[in-house]
Amino acid sequence: MTSDQKERRRRLLTDARRIVVKVGSGVLTGEKYEDLDENVVSRIVGHVAGLTESGCKVAVVSSGSVSLGTKALGIPRRGLPIPVQQAAAAVGQGRLISLWAKCFEIHGLKVGQVLLTHDDMANRRRFLNSRNTINSLFDFGAIPIINENDTVAVHEIKFGDNDTLSARVTNLMEADLLAILSDVDGLYSADPRLDKEATKIEFVEEVDEGIFAVAGDSSSRTGLGGMASKVRAAKEASRFGASTIILPGARENSLKDAMEGGDIGTFFFPHDDPMNSKKHWIEFTLKPRGALVVDGGARQALLTMGKSLLASGVASVEGDFESGEAVEVKGPDGAVFGKGLVNYHSHEMEKIKGCRSSEIENILGYKFYDEVMHRDDMVLLK
Ligand code: GLU
């Protein structure tokens, strides 16, 4: 790391004011792997309380409901049918939140439980409403303790793992730092359990294919995410303009040391051209429901001239979608180069594709918008 990078890293960490602290099951359950390690929890709580004291707004994304629930019910952690996992989460989540509440209480701080599903985040109103709730908790000086709502989330509507959830929360609470407390002490050049030569990577300027290759598909012992999902979370946070640090969660003072500029963990720099919150939400949270295939002229206008997409540029329509849903934008060669919120239903798009905006009202009998996809609702993929 050059001295300039060191200084930038130090400044980004010490200046961070809105922070997501993600704590994995592997950290919370410590060496025992199944029961919560109260010492670890109170240590993390001590740091978070210190940050809160110094004026930071901190939310905790905590895993552990399934691990705790399976322990309480006396059933194995892995290989359970979904409803059994969900029952375990229901049992475990209560235990999890009461431990966080008890530990924060010692510092005079209240906690608020926030359980989210991917569906909540994909609905713009619910997303904004959740943001207001979190801000309101901060106004009361309370610490949001966030987890996936595992008891209702089935596969299609799941975040999948809490690394992904924590990256979504970074946008939700408009954070400038995501701290991932893990059972590893950072990203390594190879799996340190298999390769003695593996060295820790101190910082990542940009998450590219090379970094994903290094992260591999290693998984952790207890949680669902592995290094790849942490790196994906870091990429997502960086596109929002937030830094990410992966830290050894169980190590005494790791969060505090990092925040004070100490040289630990792996640091990911924020992107130098961040997206605004809405565009970030479109790119990372929304699943596309179909696609608009545009002609060469429209592709050029979107990519180089900052234009909105008009019906005249649409050559064909793929999939069934409602107005307001996310669809991909493909060039004449079929390659996806954008994604955005479409203003018309797929049936309407079939009727108006290739037409001038002035003809839309005649064709449909009404016109909602001139643009079929507005510039502000569109992300061009890079
Ligand atoms: N939401 C899950 C739980 O609390 C954890 C998911 C994960 O390990 O990433 O048990």
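Residues numbered from 1 in each chain as written. Predicted model: local features only at pLDDT ≥ 70, side-chain atom pairs only at ≥ 80, totals over all residues. Heavy atoms only, no water.

## Here's the deal with the pairing of strand β1 (residues 18-23)
Here is step 1 of the chain: Most of β1 sits inside the fold, with five of its six residues counted as buried.
Here is step 2 of the chain: Bridging between β1 and strand β2 (residues 57-62) involves six bridges; their strand directions are parallel. By the bridge assignment for β2, Ile19 is matched with Val58.
Here is step 3 of the chain: In the sheet, β1 pairs with strand β5 (residues 177-182) via five bridges, with the strands oriented parallel. Its bridge partner being in β5, Ile19 is matched across the sheet by Leu177. (Buried < 20%, exposed > 50% of the residue type's maximum accessible area, 1.4 Å probe, protein only. Helix = DSSP H or I, 4+ residues; strand = E, 2+ residues; numbered from the N terminus. Pairing = 2+ DSSP bridges.)

## Some remarks on the pattern of salt bridges
Where charged atoms of side chains with opposite charge meet at close range, the side chains can pair.
Here is step 1 of the chain: If you walk through the whole model with that rule in mind, you get 17 salt bridges.
Here is step 2 of the chain: Across the salt bridge formed by Arg126 and Asp120, the nearest N and O atoms sit 3.0 Å from each other.
Here is step 3 of the chain: On the accessibility criterion, Asp120 (17% relative accessible area) is buried.
Here is step 4 of the chain: We note a salt bridge from Asp370 to Lys367, for which the minimum N-O separation is 2.6 Å.
Here is step 5 of the chain: For Asp370, a relative accessible area of 38% translates into the label partly exposed.
Here is step 6 of the chain: A relative accessible area of 33% means that Lys367 is categorised as partly exposed.
Here is step 7 of the chain: When salt bridges with common partners are traced through the structure, they connect Glu7, Arg10 and Arg11 into a single cluster. (Salt bridge = Lys/Arg side-chain N within 4 Å of Asp/Glu carboxyl O.)

## Description of the side chain of Ser238
Here is step 1 of the chain: With respect to the helices and strands, the residue Ser238 is situated in helix α10 (residues 227-239).
Here is step 2 of the chain: By relative accessible area, which is 8% here, Ser238 ends up buried.
Here is step 3 of the chain: When residues no more than four places from it in sequence are discounted, the contact partners of Ser238 are Phe269, Pro270 and His271. (Contact = heavy atoms within 4.5 Å.)

## Examining a nonpolar patch on the surface
Here is step 1 of the chain: On the surface, a cluster of nonpolar side chains totalling about 320 Å² of accessible area is made up of Tyr366, Phe368 and Tyr369.
Here is step 2 of the chain: As for its position among the elements, Tyr369 is in the loop between α15 (360-364) and β14 (371-373).
Here is step 3 of the chain: On the accessibility criterion, Tyr369 (44% relative accessible area) is partly exposed. (Patch = residues over 30% accessible without salt bridge, like charges linked within 9 Å, V, L, I, M, F, W, Y side chains within 5 Å. Areas by Shrake-Rupley, 256 points an atom, 1.4 Å probe, with all protein chains shown as cover.)

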